[in-house]
Amino acid sequence: MRTTTPRPAIRLPARRPSAPRPARPRRGTGRHLLLATVSAAWLVPLLWAVYTSLRPYGDTAAHGYFSWPREVSLANFTDAWSQSGMPHFFFNSLLITVPAVLGTLLFSAAVAFFVTRFDFRLNLALLMLFTAGNLLPAQVLITPLYRLYLLVPLPWWMSDSLLLYNSAWGIIAIHIAYQCGFCTFVLSNYMKTIPREITEAALVDGAPVWRQFLQIVLPLCRPAFAALATLESIWIYNDFFWPLTLIETGDKRPVTSALANLQGAYFTNPNLIAAGALMTAVPTLLVYFALQRQFISGLTLGSGKG
């Protein structure tokens, strides 16, 4: 018998530990940096207005606006509230904003329902006509609109000037006419996602068109209405151009135009104006926070359906 001698074990050279690979940057870092930069760019003017409104004018006049404050108080807010008569102008803004938003949503929903549920030749042309109204800047329309407002009469119980000019009804009307295009475009796209079988079944059951519109389609568009109500409330409330040009009497103007009352003929206090501007922004923040959940759900539902 042959005896086999064991072969010596072959030792392999030890591997050198590989250097750790550099960590790859996570995806989305650039996007987060961009969002943080944009957020900071939007917050810096707001924080600067808050900083300015808390300082007395004598402090900034003596040490400059870029200095550390020697005194901080809420005197500018109380002075702006009393000197500008803000409670009265807040009420004027409420009288203009609420009817304008409700009228815009109602008329836009009616047009959107008509162009999405009925097929005819001018269907698309009618939708484009309403949408094209938002393409014209307000400064282009002011001259013919001003002359038109001087020719349209109103009864004494609607306007003490007996004209559409210098009345809250004129501001409400121009807001409804100017904002209907955008709201019609959004609501028509949203109503297209609602199955036609729902309204067809209601038609078979004998429901008239107005009942299909009020009791079937409108409740299904509640998220879109919440989103549009938030946007329209902010836009109409913050409008400065239409009341300034179409209302002559200062007591009838909304709160955005009332900030002019804080400017003197020979002296202007920027700290006081900053406090007044921050106070006028409070109602829009309340509207957004009240409708925040519906606003976000309306945007996500509108983007998820196609």
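Let me begin by describing the structure that accompanies this report. Quick caveat, the model's predicted, so the values are computed rather than measured.

1. Comments concerning the side chain of glutamine 212
Its location among the elements puts glutamine 212 in helix H9 (residues 209-220). Taking the relative accessible area as the measure of exposure, glutamine 212 reaches 7% and is therefore buried. Ignoring sequence-local partners within four residues, the contact set of glutamine 212 consists of Phe113, Thr199, Ala202, Leu203, Ala207 and Val217.

2. Details of the nonpolar core
Grouped together as the largest cluster of nonpolar side chains are 37 residues, with contacts concentrated most on Trp242 and Leu246. Among the elements of the structure, helix H4 (86-117), helix H6 (138-149), helix H7 (168-191), H9, helix H10 (222-237) and helix H11 (241-246) are those that each provide at least two residues to this core. Among the elements that make up this core, the one with the highest residue count is H7 (10 residues). Other than its neighbours up to four places away in sequence, tryptophan 242 contacts Ala138, Ile142, Leu145, Ile171, Ile174, His175, Tyr178 and Ile247. Membership of the second largest hydrophobic core comes to 14 residues, among which are Phe77, Ala80, Phe90 and Ala258.

3. A closer look at the pattern of salt bridges
Counted according to the given criterion, the structure contains 2 salt bridges. Ionic pairing is found between arginine 55 and aspartate 59, a salt bridge with its closest N-O pair at 3.5 Å. Here lysine 252 makes a salt bridge to aspartate 160, at a shortest N to O gap of 2.4 Å. Within this pair, whereas lysine 252 is found in the loop between H11 and helix H12 (255-258), its partner aspartate 160 is found in the loop between H6 and H7, the two being separated by 92 residues in sequence. By relative accessible area, lysine 252 is classed as partly exposed at 22%. Relative accessible area serves as the criterion here: at 60%, aspartate 160 is assigned to the exposed category.

4. Quick notes on the packing of H4 against H10
Where H4 contacts H10, the two axes come as close as 9 Å, and the packing angle between them is 140°. Considering their axes alone, H4 and H10 lie oblique with respect to each other. Crossing handedness for the pair H4 and H10: right-handed. Taking contact as the criterion, the partners of Phe90, Ser93, Thr97, Ala100, Val101, Leu105 and Ala109 in H4 are, on H10, Phe225, Leu228, Ala229, Glu232, Ser233, Ile236 and Tyr237. Partitioning the contact of H4 with H10 into residue classes produces 10 nonpolar, 3 polar and 1 charged.

5. Considerations on a nonpolar patch on the surface
On the surface, Phe91, Leu94, Leu95, Val98 and Leu102 cluster together into a nonpolar patch covering about 470 Å² of accessible area. Residue leucine 94 is classed as partly exposed on the basis of its relative accessible area of 49%.

6. A short note on H6
Side chains three or four residues apart in an α-helix point the same way, a direct result of the helix having 3.6 residues per turn. Among all positions of H6, only Ala138, Ile142, Leu145 and Tyr149 are buried. Viewed along the axis of H6, the buried residues span an arc of 95°, placing them on a single side of the element. Opposite the buried face of H6, by more than 90 degrees, sit the exposed residues Val140, Pro144 and Arg147. In this structure, the buried side of H6 is in contact with H7 and H11.

7. Overview of the state of the cysteines
The tally for this structure, following the rule as stated, stands at 0 disulfides. With no disulfide of its own, cysteine 183 lies 6.8 Å from the sulfur of cysteine 180, the closest cysteine sulfur. For cysteine 183, a relative accessible area of 0% corresponds to the buried category.

8. Focus: the packing of aromatic side chains
Considering all chains together, one arrives at 11 aromatic pairs under this definition. Relative to phenylalanine 118, the ring of phenylalanine 113 has its centre 6.1 Å away and its plane inclined at 80°; by these criteria the two rings are edge-to-face. Judged by relative accessible area, which is 31%, phenylalanine 118 ranks as partly exposed. When the centroid spacing of 5.3 Å and the interplanar angle of 55° are considered together, the rings of phenylalanine 113 and phenylalanine 213 count as tilted. In this pair, phenylalanine 113 sits in helix H4 while phenylalanine 213 sits in helix H9, placing the two residues 100 residues apart along the sequence.

Rules used in this analysis
Residues numbered from 1 in each chain as written. Predicted model: local features only at pLDDT ≥ 70, side-chain atom pairs only at ≥ 80, totals over all residues. Heavy atoms only, no water. Helix = DSSP H or I, 4+ residues; strand = E, 2+ residues; numbered from the N terminus. Buried < 20%, exposed > 50% of the residue type's maximum accessible area, 1.4 Å probe, protein only. Contact = heavy atoms within 4.5 Å. Core = buried A, V, L, I, M, F, W, Y, C linked by side-chain atoms within 4.5 Å. Salt bridge = Lys/Arg side-chain N within 4 Å of Asp/Glu carboxyl O. Axes fitted to C-alpha atoms, helices over the stretch in contact; angles between N-to-C directions. Parallel < 35°, antiparallel > 145°, perpendicular 65-115°, else oblique. Left-handed = near helix turned anticlockwise from the far one by under 90°. Nonpolar A, V, L, I, M, F, W, Y, C, P; charged D, E, K, R; others polar. Patch = residues over 30% accessible without salt bridge, like charges linked within 9 Å, V, L, I, M, F, W, Y side chains within 5 Å. Areas by Shrake-Rupley, 256 points an atom, 1.4 Å probe, with all protein chains shown as cover. Arc of directions from axis to C-beta. Disulfide = S-S within 2.5 Å. Phe/Tyr/Trp six-rings, centres within 6.5 Å; stacked < 30°, edge-to-face > 60°.

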